[in-house]
Amino acid sequence: MLGRVGGQMVTVTLILFVLARYHSPQLAGLTAFLAIFPGLVVSPLAGALLDRHGRARLVVLDYLIAAVSVGLIAMLSARALLPAGRLLAIVAVASLTNPLSNTGAQSLFPVLAPPALW
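These lines cover the structure that appears in this document, whether it is placed above or below. Just so you know, these numbers come straight off a predicted model, no measurement behind them.

### Brief notes about the packing of helix 2 (residues 25–53) against helix 4 (residues 84–95)
Closest axis-to-axis distance for the helix 2/helix 4 pair is 7 Å, and the angle between their directions is 25°. The pairing of helix 2 with helix 4 is recorded here as roughly parallel in orientation. Read as a crossing pair, helix 2 and helix 4 show a hand that is right-handed. Facing helix 2, whose interface residues are Leu-27, Leu-30, Thr-31, Leu-34, Ala-35, Ile-36, Pro-38 and Gly-39, helix 4 presents Ala-84, Leu-87, Leu-88, Val-91, Ala-92 and Ser-95. Split into classes, the residues belonging to the contact of helix 2 with helix 4 amount to 11 nonpolar, three polar and no charged.

Encoded structure:
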């Protein structure tokens, strides 16, 4: 639950960051699109990967990639080395792993909860 709320907050924060930094609603909209769409395109592969390679490891991998991408955006922005194109590329690449944590966290619940609680 915390992971899902955190993921949504990152999206909102990213949009607010783009509006504050670049003063462009169009860029904020494109950023939101790239934060969602690439993940939707690869989401059918996420289920197969989660079944074959272990849910917990892939969820942790997604959280790690998300943390690195947010850190990279913050570091590059602080040093004034974050043009719009680089920001969009980082957001799009980070979006590719989002289905791993979304689907993986949902599929972990039946494994962690005892059958009596289902």
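### Some remarks on the packing of aromatic side chains
Considering all chains together, one arrives at one aromatic pair under this definition. Ring geometry for Phe-33 versus Phe-37: centroids 5.0 Å apart, planes at 15°, classification stacked. Of this pair, Phe-33 and Phe-37 both sit in helix 2, four residues apart, which is roughly one turn of the helix. Taking the ring centre of Tyr-22 as reference, the NZ or CZ of Arg-21 above it sits at 5.4 Å.

### Some thoughts on the side chain of Asp-62
By secondary structure assignment, the location of Asp-62 is in helix 3 (residues 55–78). Residues contacting Asp-62, with those up to four places away along its chain left out, are Thr-97, Asn-98, Leu-100 and Ser-101.

Rules of the game
Residues numbered from 1 in each chain as written. Predicted model: local features only at pLDDT ≥ 70, side-chain atom pairs only at ≥ 80, totals over all residues. Heavy atoms only, no water. Axes fitted to C-alpha atoms, helices over the stretch in contact; angles between N-to-C directions. Helix = DSSP H or I, 4+ residues; strand = E, 2+ residues; numbered from the N terminus. Parallel < 35°, antiparallel > 145°, perpendicular 65-115°, else oblique. Left-handed = near helix turned anticlockwise from the far one by under 90°. Contact = heavy atoms within 4.5 Å. Nonpolar A, V, L, I, M, F, W, Y, C, P; charged D, E, K, R; others polar. Phe/Tyr/Trp six-rings, centres within 6.5 Å; stacked < 30°, edge-to-face > 60°. Lys NZ or Arg CZ within 6 Å of the ring centre and 35° of its normal.

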